Amino acid sequence: MKFQKRTIGLIIYFVLLMLPIYWMLNMSLRTNADILSAFSFYPSAPTLDNYIKIFTDESWYSGYLNSFYYVSMNVMISLLTALPAAYAFSRYNFLGDKHLFFWLLTNRMAPPAVFLLPFFQLYSTFNLIDTHFAVALSHCLFNVPLAVWVLEGFMSGVPREIDEMAYIDGYSFPRFFLTIFMPLIRTGIGVTAFFCFMFSWVELLLARTLTTTAAKPIAAIMTRTVSASGLDWGLLAAAGVLTIVPGALVIWFVRNHLAKGFALGRV
Amino acid sequence: MANVILKDVVKRYGKLEVVHSIDLHVADKEFVVLVGPSGCGKSTTLRMIAGLEDISGGTISIADRVVNDLAPKDRDAAMVFQNYALYPHMNVYKNMSFGLTLRKMPKDEIDRRVKEAAAILELSELLQRKPHELSGGQRQRVAMGRAIVRHPSVYLFDEPLSNLDAKLRAQMRLEIKLLHHNVQSTIIYVTHDQVEAMTLADRIVVMRDGYIEQVGSPLDIFQNPANIFVAGFIGSPPMNLVPAVIEDGAVGQALRLSDSLSLPIPSKPDCQFKSGLKVVMGLRTEDLFIDHGEDDLSFSHCVDGLVKVVEPLGSETNLHMDLQGVPLVARCEGRRQVTVGDHLAMRLNLQHLHIFDAATEQSIY
């Protein structure tokens, strides 16, 4: 009965994996008094008050909007810079191309905290502190190298003869890139966008340091729930649930191509 | 007049020269095949004609117009690639018509040309399909259709049949030959397969290491190879090539192949070799056969041989023989029963003997 054993094992694993998330969902549907008074596996008197507060109080929902702004800005910047770079790496030979390509990846090896201080000084010099652009730009440090790597893998999967055929057919380079090449690597572009989104969405340290009020990300706002009267558990849980949702949605869209993306397109 | 003329064409990658000063004149409506082993520069030459590679030196002209600095699209040449290079996200119709759309051709004219090409290539039923829904042979036809619709003055084929299985390859070979007959255009075709070269070409260009070794009609190259390389490359199974030494005999000169085997050289006017000259003897497998008693050849020689390996091909059989210590491949009729270890009387048709200088590798007889 090997099959059953495996099934049981998987169920235990799954329960352990989902328990914290369920618990957060559970808490988000209860009032603070309820949470603190009784230990319960399900909300006895479910309420949406916590969610309503987040969606009506600007100081709360602006956090989500800010996060969305800089994340989408970052995805755009990353793709716009990584697409030409990846094309060059995949199609041309130039001096030091292999070293440069590897060096790109080493950018991801340094912890973000290392860049915190220089970034803060540079951005304040250019009056960029507390703008969405500042956060989007700082996240490029990690996302552009990754995007180049993933896209290069997908681009190298397209035979070079396609490019040559297009030149013989009479395409200009921009037109070839937009109408022939991009459709051929659209999976790669989707997966890259997903990776950029994910990293930018969960990154807290840089986002929090480079912002004060106007571009404050949701994760930073969540820390506001700590007050003299204690923690606002229910509200915090609701905000947490809402933070998971966008990521889950994006994963849903690229679920069929994720494995290839994790292999950097080299499958 | 869509002739293609290559004059002193050189290709260098950095310091490495891969094509050395090639001269080639392809006449209008001619089918020329560039053939040679991989890395001989044949594809590079074709890609220079297409405009996909820069020309490091010399000039290439198409239809009496120097194209060195023209973009690929302005050379009026269409190319067919080995891996088809179809646009996977477009259907057959779009794949074939896209090049024309870019040239701002009127819609009804495009439609007419695509339908016409589809009819020639029997693709009319498949116009709405995507490339991944087609078989290898159909994809290759689409790739050819894409070239045909442009009505180019020159077709360039880069090993178009190498990705197909043997049966399909034979069929497509025939279709390419028919295509040439139908479109009446200049075709330059690159292959490493000498069978394709022999069957398709009006003229074959044999290349090696960036040099042209010989240019000529298929039969001319087959019968009069200019050097050892061409002799060994063209023809299947390849020509027997055996080192030998010239010696003066009682009647004329002879080739000493081994201690016990010496073959008389049929005398030709103005053909006298230095005694002791090291040479390579070439003899086609069909010129070495089992002696059937009657000798109607004007100049032949009979030798006893031992059968080492038998390779039946159906209509004929290749016999790998030991002829008095000299390994040679003979050919016999497929119905003839031969087993390994047989001792046979073999006849050599010395009328078609080839002799190459061992030092220069050039044909000297």
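If you're wondering where the values come from, they're calculated on a predicted model, not measured in any experiment. The residue count restarts for each chain, going from 1 along the sequence in the order it is written. Think of it this way: whatever chain is written first is A, whatever ligand is written first is 1, and the rest follow in order. For a predicted model such as this one, the threshold for reporting local features is a pLDDT of at least 70, and the threshold for listing and counting side-chain atom pairs is 80 or more; totals across whole chains, interfaces and linings nevertheless cover every residue. Derived side-chain values reflect all non-hydrogen atoms in the structure, with water molecules and hydrogen atoms excluded from consideration.

*Asks:* Is there a simple way to think about the nonpolar core in this case?
*Replies:* Side chains of nonpolar character tend, in soluble globular proteins, to be buried together. In this structure, Tyr171(A), Leu156(B) and Ile188(B) are the most contacted members of the largest nonpolar core, which totals 98 residues. Secondary structure elements follow DSSP: runs of H or I no shorter than four residues count as helices, runs of E no shorter than two count as strands, and numbering proceeds from the N terminus. When residues in this core are grouped by element, the largest group, 14 residues, is from helix 7 (residues 132-156) of chain A. Look past the residues within four positions of Tyr171(A) in its chain and what remains in contact with it is Ala166(A), Phe176(A), Thr179(A), Ile180(A), Tyr87(B), Met90(B), Phe98(B) and Leu102(B). As used here, the term nonpolar core means buried Ala, Val, Leu, Ile, Met, Phe, Trp, Tyr and Cys residues forming a set that is joined through side-chain atoms within 4.5 Å. To sort residues, take the accessible area from a 1.4 Å probe on protein chains only and compare it with the maximum for the residue type: under 20% means buried, over 50% means exposed, and anything in between is partly exposed. Val35(B), Leu161(B), Leu164(B) and Leu200(B) belong to the second largest nonpolar core, which has 45 residues in total. Contacts are assigned to residue pairs that have any heavy atoms within 4.5 Å of one another.

*Asks:* In this structure, what is going on with the domain arrangement of chain B? I would like to understand it.
*Replies:* How big an interface is tends to be stated in terms of accessible area lost as the parts join. Residues and elements named next belong to chain B. On domain assignment, one finds that chain B holds domain 1 (4-233) and domain 2 (240-357). On the side of domain 2, seven residues touch domain 1, which itself brings eight residues to the contact. The contact between domain 1 and domain 2 buries some 620 Å² in all, and 67% of this surface belongs to carbon and sulfur atoms. As a working definition, buried area equals the accessible area (1.4 Å probe) given up by two parts on being put together, with both sides summed. Looking at the side of domain 1 facing domain 2, the largest losses of area belong to Phe222, Ile228 and Ala231, adding up to 70% of the total buried there. Salt bridges are defined by distance alone: a side-chain nitrogen of Lys or Arg within 4 Å of a carboxyl oxygen of Asp or Glu. Our count for the domain 1 to domain 2 interface comes out at zero salt bridges. Any residue that is not Ala, Val, Leu, Ile, Met, Phe, Trp, Tyr, Cys, Pro, Asp, Glu, Lys or Arg is counted as polar, Gly included; the first ten are nonpolar and the last four charged. Residues that form the side of domain 1 that touches domain 2 fall into these classes: five nonpolar, three polar and no charged. An automatic or database domain assignment is the source of the domain bounds shown.

*Asks:* Where do I start with the domain arrangement of chain A in this structure?
*Replies:* Residues and elements named next belong to chain A. Along its sequence, chain A is carved into domain 1 (1-47) and domain 2 (57-260). Distance from the C-alpha centre of domain 1 to the C-alpha centre of domain 2: 32 Å. Between domain 1 and domain 2, the residue contacts involve nine residues of the former and nine residues of the latter. Buried area between domain 1 and domain 2, both sides added, is near 680 Å², and the carbon and sulfur share of it is 77%. Taken as a group, Met24, Ser28 and Asn32 account for 58% of the area that domain 1 buries against domain 2, more than any other trio of residues on that side. Linking domain 1 to domain 2 there are zero salt bridges.

*Asks:* So what exactly am I meant to see when it comes to the interface of chain A and chain B here?
*Replies:* Of the residues lining the interface, 17 residues belong to chain A; the matching set on chain B comes to 22 residues. Contact with chain B buries area across many residues of chain A, yet Met165(A), Ile168(A) and Asp169(A) alone supply 38% of it, more than any other trio. Seen at the junction of chain A and chain B, the total is one salt bridge. Taking the shortest distance from any N to any O, the salt bridge between Glu164(A) and Arg47(B) comes out at 2.6 Å. We define a polar contact as two N or O atoms separated by no more than 3.5 Å, with the added condition that, inside protein, one atom must be a possible hydrogen donor and the other a possible acceptor, whereas residues neighbouring each other in sequence contribute only through side-chain atom pairs. Between chain A and chain B we count seven residue pairs in polar contact (both at pLDDT 80 or more) in total. Of all the secondary-structure elements, those providing two or more residues to the side of chain A that touches chain B are helix 8 (160-169) and helix 9 (173-184) of chain A. Among the elements that line the side of chain A that touches chain B, the one with the most residues is helix 8 of chain A, at eight residues. In terms of residue class, the side of chain A that touches chain B is made up of ten nonpolar, two polar and five charged.

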